[in-house]
Amino acid sequence: MLLVSCTSDKKKGKTVGKVQSAPYELLVVADKEWLKTETGQKLVEVVEAPIGGLPQRESNFRVTYINPHAFNGTFKVYANILFVDVARKYTEPKMTLEKDLYAKPQVVEGLYAPTNEEFVKLLEEHQKDILRKFNENEFARERRLLEKNYNGAVLAQVRKQFGVSVKVPLDVDDMKVGEDFLWASASKKDFQQNVCVYALPLSETYSFEDMRDSVMKVNIPGDRDDRWMETDRRTVNVDDITRKDLVVVRGLWDMRNDAMGGPFVSYVYADTVRNRFLVVEGFVFAPDKKKRPIMRQLEAALQTVTFEDGK
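Below you will find a few notes about this structure.

Cut-off values and rules
Residues numbered from 1 in each chain as written. Predicted model: local features only at pLDDT ≥ 70, side-chain atom pairs only at ≥ 80, totals over all residues. Heavy atoms only, no water. Helix = DSSP H or I, 4+ residues; strand = E, 2+ residues; numbered from the N terminus. Buried < 20%, exposed > 50% of the residue type's maximum accessible area, 1.4 Å probe, protein only. Contact = heavy atoms within 4.5 Å. Areas by Shrake-Rupley, 256 points an atom, 1.4 Å probe, with all protein chains shown as cover. Lys, Arg positive; Asp, Glu negative; His and termini not counted. Charge placed at Lys NZ, Arg CZ, Asp CG, Glu CD. 1 Å grid on protein atoms, 1.4 Å probe; cavity = no way out; pocket = protein on both sides within 12 Å on 5 of 7 lines; lining within 4 Å. Points joined across faces, edges and corners; volume = space filled by probe spheres on them. Nonpolar A, V, L, I, M, F, W, Y, C, P; charged D, E, K, R; others polar. Salt bridge = Lys/Arg side-chain N within 4 Å of Asp/Glu carboxyl O.

## A short note on the overall build of the protein chain
Inference 1: Along the backbone of the protein chain there are eight helices and 17 strands.
Inference 2: With the C-alpha coordinates aligned to their principal axes, the bounding extent of the protein chain is approximately 65 × 45 × 40 Å.
Inference 3: Taken over 311 residues, the protein chain has a buried fraction of 49%.
Inference 4: Of all intrachain contacts in the protein chain linking residues separated by at least 6 positions in sequence, the fraction that spans at least 24 positions is 59%.
Inference 5: Only carbon and sulfur atoms are counted for the fraction: they give 50% of the accessible area of the protein chain, which is about 16,300 Å².
Inference 6: Of the charged side chains in the protein chain, 48 are positive and 48 negative; the average position of the first set lies 6 Å away from that of the second.

This is the structure in structure tokens:
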């Protein structure tokens, strides 16, 4: 199977196979005895760091650790690989990044240092960057799947109401349309994925929590007058990104006076062309289930947003 899946990469002069690891798997190639040391445990803390905005601790990746001598063809088809080595042969600490080295689409990173002390400094310097490229690789995988399987009816409605495109999972097919608001949900499974799109005037000043709660109270009420969706303000966190027109917010939601709740992620655009805030949000209700895969799929959908006129 590996031989059949191989393709020629003439540009690099080598044969590259297709990635065959499961989603959100990370392979760390490092000396296992070193990993037990104080320095090695600092690395473990970084690569097993939890995802923000979830109600329980879930790591970004399911991590597999192997010794360097065990790295062979079976492991070379992982989508995400991190090499780690501390040895005197290195003249200085460095972080490396390569793509599609052994398979496609693949991200291969390296962390190298001559001493443990210098490795710790390297780790602290690049702590935010180490998982970033691996996560981007996984989101790209999710978006490729959405390109083939998305809900066309939701896409058409969002275009009609807001002048943007968004490709949501095929099962997210039950729509509720309001004033400058759309709610699409998938409730045929034993968990619920939801996507909301809404707009508010850009000229007004809001806190994110006030903006979100004012919209959700009107559009996502509960089964009684004293119940509606609200934001757990203690959990709200803004991602560190460089785009000036986009803010990414994560946190938890709950139903006032009810036991329902779960995580959400919101992509908030400052749409100066149309004088509006445009919010595209995903949230889930999935009690007793791991949230990482279903939230990541929703966030990948949010990343497919394009403005129809390109502005």
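## Let's talk about the layout of surface pockets
Inference 1: The computed volume of the largest pocket comes to approximately 1,200 Å³.
Inference 2: What lines the largest pocket is a set of 38 residues, among which Arg 132, Asn 135, Asp 239, Asp 240 and Arg 250 lie closest to the centre.
Inference 3: Of all the elements, helix H5 (residues 127-148) adds the most residues to the lining of the largest pocket, at nine residues.
Inference 4: Looking at the lining of the largest pocket residue by residue, the class counts come to 19 nonpolar, eight polar and eleven charged.
Inference 5: Roughly 170 Å³ of internal volume is contained in the second largest pocket.
Inference 6: Of all the elements in the fold, those that place two or more residues in the lining of the second largest pocket are strand E12 (192-201) and helix H7 (208-219).
Inference 7: In terms of residue class, the lining of the second largest pocket is built from seven nonpolar, two polar and two charged.

## Some details on the pattern of salt bridges
Inference 1: Counted by the stated rule, this structure contains 22 salt bridges.
Inference 2: We note a salt bridge from Asp 85 to Lys 89, for which the minimum N-O separation is 3.8 Å.
Inference 3: For Asp 85, a relative accessible area of 26% puts it in the partly exposed group.
Inference 4: Judged by relative accessible area, which is 63%, Lys 89 ranks as exposed.
Inference 5: In this structure, the salt-bridge partner of Arg 212 is Glu 281, at a minimum N-O distance of 2.8 Å. Residue Arg 212 is found in helix H7, and its partner Glu 281 is found in strand E16 (residues 276-285); the two are separated by 69 residues along the sequence. Assigned by exposure class, Arg 212 and Glu 281 land together as buried.

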